[in-house]
Amino acid sequence: MYLVWLPAGTSPAQARATMLDCVAPELLRRGVHGLTMDLDDDQAQVPPPMPPPEGENPVRAVVSLWVDAYDYRGDCEAVLRESAERIAGYQVVESLYRDYGGNRWSPPRSWPDGRRSPGILTVSLIEQKRGMGFDDWITFWHTRQSPMSEAIQPRARYVRNAVFRAVTLDAPPYRAIVEEAWPTVEDLTDPMRFYCANGDKDTLHRNLSTMLEHVTTFIDLDRMRNLTMSEWILRS
């Protein structure tokens, strides 16, 4: 998985054109087995739950590609670097905790490769919590946070990517790249819908408190980055 920073001032429409029209075809021509791009494009201009610090040039794309072995990534990295101001690459262990159609919030995927997925995506870049051992950290994330959030949020798809190691120099020390798809923008931006409260303030407060308690147990929020993006599955 690669985090991609584009030159400062790149518009959302330019970001989409650069990544989909220029970068993606070159990656596909190099024979990657799978390719997904999460893009901060003109169809994903929704404030994220946790905006980045003011003045920070944020990640504009998250590129997931599948190759036979990470040793053979060089040509793909070269393609990304041609358009990017900076990239950070990670070898990850992917867990598809919930796919489209796996719960009541969305039907199974019916759209073809190359078409934007419906709804909106949030991508969270997470470091291991300071003072928390790896085993405790990942166990809490996988066995406590995942089922809790599944129960109280209208999430259509949930992909957990645990970082095994960085494969580029100077990559930020992220240990998790989390992709969460929401059926509609309203499901993300309306707290009553985001916490499955159905108009009940007591349920909203209870679910919000539960979420905050869990998240702060295994995440240092000041070091997390949260992005809203469009999901483009280009080769599945």
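Caption draft 1: Main features of the overall build of the protein chain. Assigned secondary structure in the protein chain consists of six helices and eight strands. Along the protein chain, helices (α) and strands (β) appear in the sequence β-α-β-β-α-β-β-α-β-β-α-α-α-β when read from the amino end. Relative to the globule expectation of 18 Å for 236 residues, the C-alpha radius of gyration of the protein chain, 17 Å, shows essentially globular dimensions. Projected onto the principal axes, the alpha-carbon positions of the protein chain cover approximately 50 × 40 × 35 Å. Considering the protein chain as a whole, with its 236 residues, one finds that 50% of them fall into the buried category. Contacts in the protein chain between residues far apart in sequence, at least 24 positions, make up 81% of those at least 6 positions apart. Total accessible area on the protein chain is roughly 11300 Å²; 50% of this is exposed by carbon and sulfur atoms. The average position of the 26 basic charges and that of the 33 acidic charges among the side chains of the protein chain differ by 2 Å.

Caption draft 2: Seen up close, the packing of aromatic side chains. Summed over all chains, the structure comprises seven aromatic pairs. Judged by centre distance (5.0 Å) and plane angle (75 degrees), the ring pair of tyrosine 100 and tryptophan 111 falls under edge-to-face. Remark: tryptophan 111 occurs in the loop between strand S4 (86-98) and strand S5 (120-126) and tyrosine 100 occurs in the loop between S4 and S5; sequence separation between them is 11 residues. Exposure remark for tyrosine 100: the relative accessible area of 9% places this residue in the buried category. Taking 6.0 Å as the distance between ring centres and 40 degrees as the angle between the ring planes, the aromatic pair formed by phenylalanine 134 and tryptophan 137 counts as tilted. With phenylalanine 134 and tryptophan 137 both in helix H3 (residues 134-152), this residue pair falls three residues apart, about one helical turn. On the accessibility criterion, phenylalanine 134 (35% relative accessible area) is partly exposed. An aromatic cluster of three or more residues is present, and its members are Phe134, Trp137 and Trp141. The aromatic ring of tryptophan 5 is capped on one face by arginine 86, whose charged end is 4.2 Å from the ring centroid.

Caption draft 3: Main features of the sheet that holds strand S6 (residues 157-166). A barrel is described by the order of its strands in space; here eight strands give the closed sequence S1-S3-S2-S8-S5-S7-S6-S4, paired in antiparallel fashion. Between one strand axis and the next, the sheet turns through 35 degrees on average, direction left out of account. The sheet strands contacting H3 are S4, S5, S6 and strand S7 (176-182), and the helix crosses S6 at an angle near 165 degrees.

Caption draft 4: Focus on helix H6 (residues 201-218). End to end, H6 covers 26 Å across 18 residues, agreeing with the expected 26 Å (1.5 Å per residue, within 8%). Among the residues of H6, those classed as buried are Thr203, Leu204, Asn207, Met211, His214, Val215 and Phe218. On an axial view of H6, the arc spanned by its buried residues comes to 110 degrees, and they lie on one face. Of the exposed residues in H6, the ones pointing more than 90 degrees away from its buried face are Lys201, Asp202 and Glu213. With a side-chain oxygen positioned 3.3 Å from the backbone nitrogen of aspartate 202, the residue opening H6 is aspartate 200.

Caption draft 5: View of the pattern of salt bridges. According to the stated counting rule, one finds 19 salt bridges in the structure shown. Between glutamate 150 and arginine 98 there is a salt bridge, and its shortest N-O distance comes to 2.9 Å. Of the two residues, glutamate 150 sits in helix H3 while arginine 98 sits in strand S4, which places them 52 residues apart along the sequence. Across the salt bridge formed by aspartate 220 and lysine 129, the nearest N and O atoms sit 3.2 Å from each other. A residue pair is termed long-range when its members are at least 10 positions apart, and aspartate 220 in the loop between H6 and strand S8 (225-235) and lysine 129 in the loop between S5 and H3 qualify at 91 residues. Among the residues examined, aspartate 220 registers a relative accessible area of 12% and is labelled buried. When salt bridges that share partners are traced, they join Glu127, Lys129, Arg130, Asp220, Asp222 and Arg223 into one network.

Caption draft 6: Spatial organisation of the side chain of aspartate 187. One can find aspartate 187 in helix H4 (residues 185-189). In this structure aspartate 187 comes out as buried when scored by relative accessible area, which is 8%. Of note is the side chain of aspartate 187, whose polar atom sits 3.2 Å from the side chain of arginine 193. Not counting chain neighbours up to four residues away, the residues in contact with aspartate 187 comprise Pro154, Arg193 and Phe194.

Cut-offs and rules
- Residues numbered from 1 in each chain as written.
- Predicted model: local features only at pLDDT ≥ 70, side-chain atom pairs only at ≥ 80, totals over all residues.
- Heavy atoms only, no water.
- Helix = DSSP H or I, 4+ residues; strand = E, 2+ residues; numbered from the N terminus.
- Rg over C-alpha atoms; globule rule 2.2 N^0.38 Å.
- Buried < 20%, exposed > 50% of the residue type's maximum accessible area, 1.4 Å probe, protein only.
- Contact = heavy atoms within 4.5 Å.
- Areas by Shrake-Rupley, 256 points an atom, 1.4 Å probe, with all protein chains shown as cover.
- Lys, Arg positive; Asp, Glu negative; His and termini not counted.
- Charge placed at Lys NZ, Arg CZ, Asp CG, Glu CD.
- Phe/Tyr/Trp six-rings, centres within 6.5 Å; stacked < 30°, edge-to-face > 60°.
- Lys NZ or Arg CZ within 6 Å of the ring centre and 35° of its normal.
- Pairing = 2+ DSSP bridges.
- Axes fitted to C-alpha atoms, helices over the stretch in contact; angles between N-to-C directions.
- Expected span 1.5 Å × (residues − 1).
- Arc of directions from axis to C-beta.
- Polar contact = N/O pair within 3.5 Å; in protein donor to acceptor, adjacent residues only side chain to side chain.
- Salt bridge = Lys/Arg side-chain N within 4 Å of Asp/Glu carboxyl O.

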